[in-house]
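Notes for the structure review
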Amino acid sequence: MGNSIEKRAIVIVGGGPAGLAAAVAAHEAGERDVLILERDTQLGGILNQCIHNGFGLHTFHEELTGPEYAARYVAQVDELGIERRLGTMVLDISEDRVVTAVSATDGITRIQAGAVILAMGCRERPRGALAIPGYRPAGIYSAGTAQRLVNIEGQLPGREVVILGSGDIGLIMARRMTFEGAHVQCVAEIMPYSGGLKRNIVQCLDDFGIPLLLSHTVVDIEGRDRVEAVTIAEVDERMKPIPGTERRYPCDTLLLSVGLLPENELSREAGVELSGVTRGPVVNERLETSVPGVFACGNVLHVHDLVDFVSQEAAAAGRSAAAYVARGEDAAAQRVDIVATDGVRYTVPAYLSGSDLDQDVTLRFRVGGVFRDRYVSVYLDDERVRHAKKRILTPGEMEQVVIKADQLRERAPHTVTVKLEEE
């Protein structure tokens with residue numbers, strides 16, 4: 001290819017559920033020149049190894065497995081004739097949207113994009129982030145790696161299993177390992193609440209009699225060549241182990257389900273502003289990042305609990321990218337900050353661009369603890385425009401509120417505040 005630069009209207013980095021939904025929506029919005037770059041050898045992303053059901057209830061109004069859900073979108077991409085390049089790794093995105101990629105077939109290619117959509121998904125927090133004492137024996141896996149071994153490669157990682165962390169993948173793997181004949185002794189969670197969906201706690205732990213130990217963590221791993229046992233202790237409110245509460249669990253496998261991190265090395269190098277809370281890009285209501293013409297959606301933006309919400313968000317990003325290519329960069333408008341406070345950890349979007357508030361704005365957010373009987377309130381400057389009671393709010397369940405376009409137009413607020421109130 002030499003130094004020649006190919007020109008494309010929209011380049012989407014990632015062919016998982018977010019990238020596919022964004023591509024379909026951009027095409028339907030009238031932009032035909034769309035290219036998906038995917039490092040794997042097939043489209044579908046992480047859904048290909050998520051063979052459990054529970055996907056698609058919002059999008060397709062039926063219960064599908066992960067591969068079935070992905071296949072629906074792959075079929076739409078095929079039908080629309082959207083180009084994709086598989087086995088293609090994006091190395092760099094410049095601030096003026098030149099995408100550098102490499103593949104075995106094409107070598108290094110450079111593509112000047114009219115708009116870029118970041119849809120790289122997320123990765124698991126590694127063991128190194130946990131600072132658990134002990135050697136590094138075989139038998140310690142992230143829950144996603146274990147899921148791939150069991151579901152794609154047909155390998156059982158171990159027989160006697162302890163799981164640290166109650167994220168959704170860990171909960172689902174507790175059930176999956178049980179189905180395959182392993183014995184899951186317990187799931188330990190350092191927080192006083194689970195990080196997963198309530199339905200997964202019920203269907204994956206309660207239904208199989210697997211105990212969930214809240215406010216507990218692993219304090220020791222025994223074994224040099226292979227895990228032989230782990231010691232679990234209760235922790236206090238400062239997350240410090242309480243002496244005398246230790247209990248030893250003989251096991252050959254420890255699965256880690258201790259959180260997901262948006263995959264944002266490319267975003268950071270492109271100069272995209274990242275949130276200290278979500279670790280994903282800071283975006284406006286069009287899902288546009290701080291770099292003009294670069295959009296973000298799905299788990300690269302913030303970690304979702306339902307793929308249906310990924311698809312909705314990605315479709316919005318696809319439409320925004322198509323509109324950007326058609327219309328060009330907007331003149332800078334007054335930025336309207338969205339303040340997350342009083343129990344609300346963050347919102348996506350993090351601010352409104354203030355330029356074309358002619359559409360309703362969906363705010364997605366997570367809370368910072370377990371709250372009962374609270375009101376989710378939205379203020380435009382000092383005026384409360386939404387006040388809805390929720391019986392329970394937990395960090396494991398993403399929430400959302402919609403601000404009506406006419407409210408934004410009428411009031412033209414300088415700030416939007418989202419908070420939890422007792423009355």
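Numbering of residues begins from 1 in every chain and follows the order in which that chain's sequence is written. Two thresholds apply to this predicted model, a pLDDT of at least 70 for residue-level local features and 80 or more for giving and counting side-chain atom pairs, whereas whole-chain, interface and lining totals are computed over all residues. Neither water nor hydrogens contribute to the side-chain values; these are computed over all heavy atoms in the structure.

Looking now at helix H1 (residues 17-28). Counting from the N terminus, the helices are DSSP H or I runs at least four residues long and the strands are E runs at least two residues long. Multiply 1.5 Å by the residue count of a helix minus one, and that product is the helix's expected span. Counted at 1.5 Å a residue, the expected span for H1 with its 12 residues is 16 Å, and the 17 Å between its end C-alpha atoms agrees. For every residue, the accessible area (1.4 Å probe, protein chains only) is compared with the maximum for its type, and the residue is labelled buried under 20%, exposed over 50%, or partly exposed between those bounds. Across the 12 residues of H1, 11 count as buried, placing the element largely inside the fold. Buried within H1 we find Pro17, Ala18, Gly19, Leu20, Ala21, Ala22, Ala23, Val24, Ala25, Ala26 and His27. Contact partners of the buried residues in H1: strand E1 (5-13), strand E2 (34-37), helix H2 (66-80), strand E6 (107-118) and helix H7 (307-327). Just past H1, the residue glycine 30 takes up positive phi, approximately 110 degrees. Note on contacts: a residue pair qualifies if any of its non-hydrogen atoms lie within 4.5 Å across the two residues.

Okay, the pattern of salt bridges next. Counted as salt bridges are all cases of a side-chain nitrogen of Lys or Arg within 4 Å of a carboxyl oxygen of Asp or Glu. With the rule as written, the count across this model stands at 25 salt bridges. Note that glutamate 410 is salt-bridged to arginine 411, the shortest N-O span being 3.6 Å. Connected through shared salt-bridge partners, Glu6, Arg8, Asp33, Glu83 and Arg85 make up one network.

We now examine helix H5 (residues 198-205). Within the span of H5, buried status applies to Asn200, Ile201, Cys204 and Leu205. The buried side chains of H5 occupy one side of the element, clustering within an arc of 105 degrees when seen end-on. In this fold, the buried residues of H5 make contact with helix H4 (168-179), strand E10 (183-189) and strand E11 (212-214). What the arc describes is the spread of directions from the helix axis to the C-beta atoms.

A few words now on a nonpolar patch on the surface. On the surface, a nonpolar cluster with roughly 270 Å² of combined accessible area is contributed by Met89, Leu91 and Ile108. Relative to the assigned elements, leucine 91 resides in strand E4 (residues 88-93). Assessed through its relative accessible area of 41%, leucine 91 is described here as partly exposed. To count toward a patch, a residue needs a relative accessible area over 30% and no salt bridge; like charges are then connected within 9 Å, while nonpolar side chains (Val, Leu, Ile, Met, Phe, Trp, Tyr) are connected within 5 Å. A 1.4 Å probe and the Shrake-Rupley method give the accessible areas. Residues count as covered only by the protein chains that appear here.

Here we take up the environment of leucine 266. Looking at where leucine 266 falls in the secondary structure, it is placed in helix H6 (residues 265-269). The exposure class of leucine 266 is buried, given its relative accessible area of 13%. Distance in space between the C-alpha atoms of leucine 266 and serine 166 is 29 Å, their sequence separation being 100 residues. If we ignore the near neighbours within four places in the chain, the residues touching leucine 266 are Val13, Val90, Leu91, Asp92, Ile93 and Met120.

Here we take up the sheet that holds strand E13 (residues 229-234). Note on sheets: strands pair through backbone hydrogen bonds, and any given pair is parallel or antiparallel. Here, strands pair whenever DSSP counts at least two bridges between them. Taking strand neighbours across the sheet as the criterion, the three strands line up as E12-E13-E14 in an open arrangement whose pairing is antiparallel. Of all strands in the sheet, those with a lone pairing partner are strand E12 (216-222) and strand E14 (247-250), marking the two edges. Along the sheet, successive strands turn relative to each other by an average axial angle of 30 degrees, direction set aside. Bridge analysis of E13 against E14 gives four bridges, and the strand direction is antiparallel. Residue isoleucine 232 lies in a different strand from E14, and its bridge partner there is arginine 247. Between the N-to-C directions of two axes lies an angle of 0 to 180 degrees, each axis being a line fitted to C-alpha atoms and, for a helix, fitted only over the stretch in contact.

Should the sulfur atoms of two cysteines be covalently bonded, the bond is a disulfide. By definition, disulfides here are pairs of cysteine sulfur atoms that lie within 2.5 Å. Enumeration over the complete set of coordinates arrives at zero disulfides. You can see cysteine 204 has no disulfide; the closest cysteine sulfur is in cysteine 50, sitting 12 Å from it. For cysteine 204, a relative accessible area of 0% gives the class buried. Note on cysteine 297: no disulfide assigned, nearest cysteine sulfur contributed by cysteine 122 at a separation of 13 Å.

Summarising the sheet, E4 and strand E5 (residues 98-103) pair through five bridges and their orientation is antiparallel. Bridge pairing links threonine 88 to serine 103 in E5. In this structure, the hairpin formed by E4 and E5 is closed by a connection of four residues, where arginine 97 is found at a positive phi of approximately 70 degrees.

A separate point is the environment of cysteine 50. Tracing the chain through its elements places cysteine 50 in the loop between E2 and H2. Residue class for cysteine 50 comes out buried when judged on its relative accessible area of 10%. Each C-alpha atom, one on cysteine 50 and one on isoleucine 152, is 9.4 Å from the other, the two residues being 102 residues apart in sequence.

Let's shift gears to the packing of H1 against H2. Running from N to C, H1 and H2 point in directions that differ by 35 degrees, and their axes come no closer than 9 Å. Pair H1 / H2 crosses with left-handed handedness. Here Leu20, Ala21, Val24 and His27 of H1 lie close against H2, whose contacting residues are Ala70, Tyr73, Val74, Gln76, Val77 and Leu80. Grouping the constituent residues of the contact of H1 with H2 by class yields eight nonpolar, two polar and no charged. Left-handed describes a crossing whose near helix is turned anticlockwise from the far helix by less than a right angle; the clockwise case is right-handed. Lys, Arg, Asp and Glu make up the charged group, whereas Ala, Val, Leu, Ile, Met, Phe, Trp, Tyr, Cys and Pro make up the nonpolar group; the residues left over, Gly among them, are polar.

Reading across the sheet, the three strands line up as E19-E21-E24 and stay open at both edges, with antiparallel pairing between neighbours. Each end of this open sheet is capped by a strand with a single partner; those strands are strand E19 (344-348) and strand E24 (399-403). When the angles between neighbouring strand axes are averaged without regard to direction, this sheet yields 30 degrees. Summarising the sheet, E19 and strand E21 (residues 361-367) pair through four bridges and their orientation is antiparallel.

One recurring pattern in soluble globular proteins: nonpolar side chains tend to sit buried together. Counting residues in hydrophobic clusters, the biggest one holds 60 residues, and the most contacted among them are Ile10, Ile12 and Ile93. Beyond its immediate stretch of four places on either side in the chain, isoleucine 10 contacts Ala26, Glu31, Asp33, Val34, Leu35, Ala115, Ile117, Ala321, Ala322 and Val325. What we call a nonpolar core is a set of buried Ala, Val, Leu, Ile, Met, Phe, Trp, Tyr and Cys residues that are connected through their side-chain atoms within 4.5 Å.

Here we take up the side chain of glutamate 263. Within the secondary structure, glutamate 263 is located in the loop between strand E16 (260-262) and H6. According to the relative accessible area criterion, glutamate 263 is buried, its value standing at 16%. Any N or O atom pair separated by 3.5 Å or less is treated as a polar contact, with the protein-specific requirement of one donor-capable and one acceptor-capable atom, and with residues adjacent in sequence counted only for side-chain atom pairs. Reaching out from glutamate 263, the side chain makes a polar contact with the side chain of arginine 123 at a distance of 3.2 Å.

Keep in mind that these numbers describe shape and distance, not what the molecule does.
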